Amino acid sequence: MDYSHYQDLKVRRVEPGILDIVMGDEASGRLSTAGHRMHAELAEIWRDVDRDPEARVAIIRGAGKGFSAGGDLALVEDIVRDFETRARVWREARDLVYNLINCSKIVVSAMHGPAVGAGLVAGLLADISIAARNARIIDGHTRLGVAAGDHAAIVWPLLCGMAKAKYYLLTCEQVSGEEAERIGLVSLVCDEAELQAKALEVARKLASGAQTALRWTKYSLNNWLRLAGPSFDASLALEMLGFTGPEVKEGIAALREKRKPSYPPEPKDF
């Protein structure tokens, strides 16, 4: 499988059977943001991993100071302004979730620093999610003024329970790596200095295992996620609907101006 056409995702084979997928540019040291191209690549990469005869396990991690910084504001503004962009991003967001769920190969995530947006989708839907203690997991959709639709409805209640899922998704409060492990939102936690080594250790263990047994187990367990598909589809549709409303405009302005948003009065109907 040739991954050379990916630009915002850097893909290399670290060992036989193990792929390393890096979001962003490690040389720049900057947090990766999901613009038009990265959003599309994050949706498509899992189809290629699934078809790759040499891949058994894929590790996904972030370059620079964190795992992922969320959506680029220029992309968000284009979603608000342009129907075709909104329809395309809806399809990509849907494909990112379902392509990850349906990828037969095992996926391991290694999250440090901020973990937000489309990158977080991959981080929490990975089969084994590993967070550094300093990780800051944040689903900021409602703070932006849209429904939490990327992945939250399909997986957060299963991972940490409905009460915790509602609390963090409605308040947009950050979850530390340690707290995420305590409530079951991630599989493992470790010091940041050990994160890449731990992810590789887990990947090696999985790559050396019985692949048919592992993949069929993953397929069976992911039927719990498939059962939640209608909830996810509704949440994603409502997120896209929110991009047409007044609240997201105030959310974008508040982010640009680095201030607390002041949302319009409660709607009469919703």
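Presented here is a report on the structure given in the accompanying data block. Quantities reported herein were computed from a predicted structural model and do not represent experimental measurements.

This part covers the packing of helix α1 (residues 36–51) against helix α3 (residues 83–102). Across the interface, α1 lies against α3 with an axial gap of 9 Å and an inter-helix angle of 30°. When the axes of α1 and α3 are compared, the pair comes out roughly parallel. α1 and α3 meet at a crossing whose hand is left-handed. Residues H36, H39, A40, L42, A43, W46, R47 and D50 of α1 lie in contact with α3, whose contacting residues are T85, R88, V89, E92, A93, D95, L96, N99, L100 and N102. Residues of the contact of α1 with α3, tallied by class, amount to 8 nonpolar, 5 polar and 5 charged.

Bringing the environment of L200 into the picture now. Within the fold, L200 resides in helix α9 (residues 195–207). Taking the C-alpha atoms as reference points, L200 and G161, separated by 39 residues in sequence, lie 29 Å from one another.

For the rest of this paragraph, the subject is the layout of surface pockets. In this structure, the largest pocket encloses a volume near 730 Å³. In terms of lining, the largest pocket is formed by 33 residues, of which the most central are A69, G70, G71, V116 and L144. Class assignment for the residues of the lining of the largest pocket results in 20 nonpolar, 7 polar and 6 charged. Taken as a whole, the second largest pocket holds about 490 Å³ of empty space. Lining the second largest pocket are 24 residues, with A126, D127, I128, L221 and N222 positioned closest to its centre.

It is worth spelling out helix α2 (residues 73–81) at this point. Residues L75, V76, E77, I79 and V80 constitute the buried set of α2. In this fold, the buried residues of α2 make contact with α1, α3, α5 (141–144) and α13 (246–257). In this structure D72 caps α2, since a side-chain oxygen of it lies 2.9 Å from the backbone nitrogen of A74.

A few words now on the sheet that holds strand β1 (residues 9–15). Ordered in space as β1-β2-β3-β5-β7-β10, the 6 strands form an open sheet in which the pairing is mixed. Taken across any chain shown, the strands that pair with only one partner, and hence form the sheet edges, are β1 and β10 (188–190). Direction aside, the axes of adjacent strands within the sheet are offset by 20° on average. As paired elements, strand β3 (residues 57–62) and strand β5 (residues 106–111) share 5 bridges and run parallel to each other. Bridged to A58 within β5 is V107.

What follows deals with a nonpolar patch on the surface. Together, L158, L221, W224 and L227 make up an exposed nonpolar region whose accessible area comes to about 500 Å². For L158, the location among the structural elements is in helix α6 (residues 152–160).

Turning next to the packing of aromatic side chains. Aromatic rings in a pair are described by how distant their centres are and how their planes are angled relative to each other. In the structure shown here, the tally under the stated rule is 3 aromatic pairs. Ring centres of Y98 and F232 lie 5.4 Å apart, and the angle between their planes is 80°; this geometry places the pair in the edge-to-face category. Taken together, the residues span a long stretch of sequence, with Y98 in helix α3 and F232 in helix α12 (residues 229–242) at a distance of 134 residues. Consider the rings of Y167 and Y168, whose centres lie 5.1 Å apart with planes at 80°: the pair is edge-to-face. For Y168, a relative accessible area of 8% translates into the label buried. Positioned over the ring face of W90 is R94, at 4.9 Å from the centre of the ring. Positioned above the aromatic ring of Y219, the side-chain terminus of R226 is 4.3 Å from the ring centre.

The rules we used
- Residues numbered from 1 in each chain as written.
- Predicted model: local features only at pLDDT ≥ 70, side-chain atom pairs only at ≥ 80, totals over all residues.
- Heavy atoms only, no water.
- Axes fitted to C-alpha atoms, helices over the stretch in contact; angles between N-to-C directions.
- Helix = DSSP H or I, 4+ residues; strand = E, 2+ residues; numbered from the N terminus.
- Parallel < 35°, antiparallel > 145°, perpendicular 65-115°, else oblique.
- Left-handed = near helix turned anticlockwise from the far one by under 90°.
- Contact = heavy atoms within 4.5 Å.
- Nonpolar A, V, L, I, M, F, W, Y, C, P; charged D, E, K, R; others polar.
- 1 Å grid on protein atoms, 1.4 Å probe; cavity = no way out; pocket = protein on both sides within 12 Å on 5 of 7 lines; lining within 4 Å.
- Points joined across faces, edges and corners; volume = space filled by probe spheres on them.
- Buried < 20%, exposed > 50% of the residue type's maximum accessible area, 1.4 Å probe, protein only.
- Polar contact = N/O pair within 3.5 Å; in protein donor to acceptor, adjacent residues only side chain to side chain.
- Pairing = 2+ DSSP bridges.
- Patch = residues over 30% accessible without salt bridge, like charges linked within 9 Å, V, L, I, M, F, W, Y side chains within 5 Å.
- Areas by Shrake-Rupley, 256 points an atom, 1.4 Å probe, with all protein chains shown as cover.
- Salt bridge = Lys/Arg side-chain N within 4 Å of Asp/Glu carboxyl O.
- Phe/Tyr/Trp six-rings, centres within 6.5 Å; stacked < 30°, edge-to-face > 60°.
- Lys NZ or Arg CZ within 6 Å of the ring centre and 35° of its normal.

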